Amino acid sequence: MRLLIVLALLGAACGQPKLDTRIVGGQISSIENSPYIASLLHGYFGIFFSHQCGGTLLSNNAVLSAAHCFSDRSVSAWRVRLGSSLTSLGGSEHEVSSLIIHPDYAPRLILHNVAVVRLAKPTEFSDRINRAFIAGPNYILPDNTGLSASGWGANQFQGQISEVLHQVDVNLINQQSCVERYAKLKEIPGKENWPDVTPEMMCTGALNVGNKGSCKGDEGGPVIHGGNVVVGIISWGFECGQNSYPSVNVRVSSYANWIFNAAS
């Protein structure tokens, strides 16, 4: 039997290559289906805030996201919208008190692409705002496990970011197959600098079918198992929903302890 450990947060407790990460092949979804999802809004001069990345609410004041989203480390440049299916209105908008970037984050290789955003004031839980659980260090999933990814990314390569939340059902891709496919990509002239798939990453999609995966605007958002356990952070991939190249995500179980401590 697989040993499954979930760490719950209770109570109050980009450089080369260009990243293309958006929801492809999904459908419009309601925030009640993903009450843990957050829209991370970036603004200039304290105004003109717009959706930049996704995130996952872990407690009433901590949001999990991807480190590569935060080339701007000024907390005043960020807001977090919770409880809305839309990026521009509805729900509640929160100021940010701190951005905690994984100390080993390597932008060029997209390694340790993990960050935790702390809210200036705690949110209140409801049917539209609720936390997800962290997949613990021994949370093991077999190949082809069904997962879901949500976000406001575009629904096709080079498309526009969506105003409305989408969700797509995907499968966990065999790790060695994903490693080999991206190694072959790097053999193509002009693609030599693409990152490697490492054990701290997990791949999702629908191989040899395509049109299912993440795309620009989804990065930082959740890959979910069992309805409310975050197992992946949308990170990078080649184009969007490619039938040969899966979406690549941070493997949350590899960082469970760091995430728990940063969010507590």
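Predicted model only: the values in this text are computed from it and were never measured.

### Points about the side chain of His94
For step 1, the next point in the chain: Looking at the element boundaries, His94 is found in strand S7 (residues 92–101).
For step 2, the next point in the chain: Reaching out from His94, the side chain makes a polar contact with the side chain of Ser92 at a distance of 2.9 Å.
For step 3, the next point in the chain: With residues up to four places along the chain from it excluded, the contact list for His94 reads Arg79, Val80, Leu82, Leu119, Lys121 and Thr123.

### Re the nonpolar core
For step 1, the next point in the chain: One finds Leu40, Leu64, Phe70, Val80 and Val231 to be the most contacted residues of the largest nonpolar core, which totals 56 residues.
For step 2, the next point in the chain: Aside from chain neighbours lying at most four places away, what touches Phe70 is Leu40, Ser65, Trp78, Leu99, Ile101, Ala115 and Val117.
For step 3, the next point in the chain: Among the nonpolar cores identified, the runner-up in size contains 13 residues, and Ile110, Trp194, Met201 and Cys203 belong to it.

### What about the state of the cysteines?
For step 1, the next point in the chain: For the coordinates displayed, the defined rule picks out two disulfides.
For step 2, the next point in the chain: Put simply, Cys53 and Cys69 are joined by a disulfide, and their sulfur atoms are 2.1 Å apart. In this structure the cystine formed by Cys53 and Cys69 twists about its S-S bond by roughly -100°; its chirality is therefore left-handed. Taken together, the residues Cys53 in strand S4 (residues 47–57) and Cys69 in the loop between strand S5 (62–65) and strand S6 (78–82) connect sequence positions 16 residues apart.
For step 3, the next point in the chain: Looking at Cys69, the relative accessible area reads 3%, which means it is buried.

### Description of the pattern of salt bridges
For step 1, the next point in the chain: Applying the stated criterion across every chain yields a total of five salt bridges.
For step 2, the next point in the chain: Here Glu95 makes a salt bridge to Arg79, at a shortest N to O gap of 3.9 Å. A residue pair is termed long-range when its members are at least 10 positions apart, and Glu95 in strand S7 and Arg79 in strand S6 qualify at 16 residues.
For step 3, the next point in the chain: By relative accessible area, Glu95 is classed as partly exposed at 49%.
For step 4, the next point in the chain: Residue classification places Arg79 among the buried residues on the basis of a relative accessible area of 16%.
For step 5, the next point in the chain: Of the charged contacts in the structure, one is a salt bridge between Asp196 and Lys186, with a shortest N-O distance of 2.8 Å. One end of the pair, Asp196, is in the loop between helix H1 (175–185) and strand S12 (201–205); the other, Lys186, is in the loop between H1 and S12, with ten residues separating them in the sequence.
For step 6, the next point in the chain: A relative accessible area of 45% means that Asp196 is categorised as partly exposed.
For step 7, the next point in the chain: Residue Lys186 is classed as partly exposed on the basis of its relative accessible area, which comes to 22%.

### Remarks on the pairing of strand S14 (residues 229–236)
For step 1, the next point in the chain: For S14, the buried fraction is high: eight of the eight residues fall into the buried class.
For step 2, the next point in the chain: Pairing of strand S9 (residues 133–135) with S14, which is carried by two bridges, proceeds in the parallel orientation. Bridge assignment links Phe133 to a residue of S14, and that residue is Val229.
For step 3, the next point in the chain: Both strand S13 (residues 222–225) and S14 contribute to a ladder of four bridges, which runs antiparallel.

### Remarks on the packing of aromatic side chains
For step 1, the next point in the chain: Applying the stated criterion across every chain, the model contains six aromatic pairs.
For step 2, the next point in the chain: Ring centres of Phe70 and Trp78 lie 4.7 Å apart, and the angle between their planes is 65°; on these two criteria the pair is classed as edge-to-face.
For step 3, the next point in the chain: Residue class for Phe70 comes out buried when judged on its relative accessible area of 2%.
For step 4, the next point in the chain: Ring geometry for Phe238 and Tyr245: centres 5.3 Å apart, planes at 80°, overall edge-to-face.

### Thoughts on the sheet that holds S7
For step 1, the next point in the chain: Strand order around the closed barrel formed by six strands is S3-S4-S5-S8-S7-S6, with antiparallel pairing between neighbours. Across the sheet, the axes of successive neighbouring strands diverge by a mean angle of 45°, strand direction being ignored.
For step 2, the next point in the chain: As paired strands, strand S3 (residues 37–44) and S6 are joined by five bridges and run antiparallel to one another. By the bridge assignment, His42 is partnered in S6 with Trp78.
For step 3, the next point in the chain: This element, helix H2 (residues 256–263), spans S5, S7 and strand S8 (115–119) of the sheet and lies at about 20° to S8.

Cut-off values and rules
- Residues numbered from 1 in each chain as written.
- Predicted model: local features only at pLDDT ≥ 70, side-chain atom pairs only at ≥ 80, totals over all residues.
- Heavy atoms only, no water.
- Helix = DSSP H or I, 4+ residues; strand = E, 2+ residues; numbered from the N terminus.
- Polar contact = N/O pair within 3.5 Å; in protein donor to acceptor, adjacent residues only side chain to side chain.
- Contact = heavy atoms within 4.5 Å.
- Core = buried A, V, L, I, M, F, W, Y, C linked by side-chain atoms within 4.5 Å.
- Buried < 20%, exposed > 50% of the residue type's maximum accessible area, 1.4 Å probe, protein only.
- Disulfide = S-S within 2.5 Å.
- Salt bridge = Lys/Arg side-chain N within 4 Å of Asp/Glu carboxyl O.
- Pairing = 2+ DSSP bridges.
- Phe/Tyr/Trp six-rings, centres within 6.5 Å; stacked < 30°, edge-to-face > 60°.
- Axes fitted to C-alpha atoms, helices over the stretch in contact; angles between N-to-C directions.

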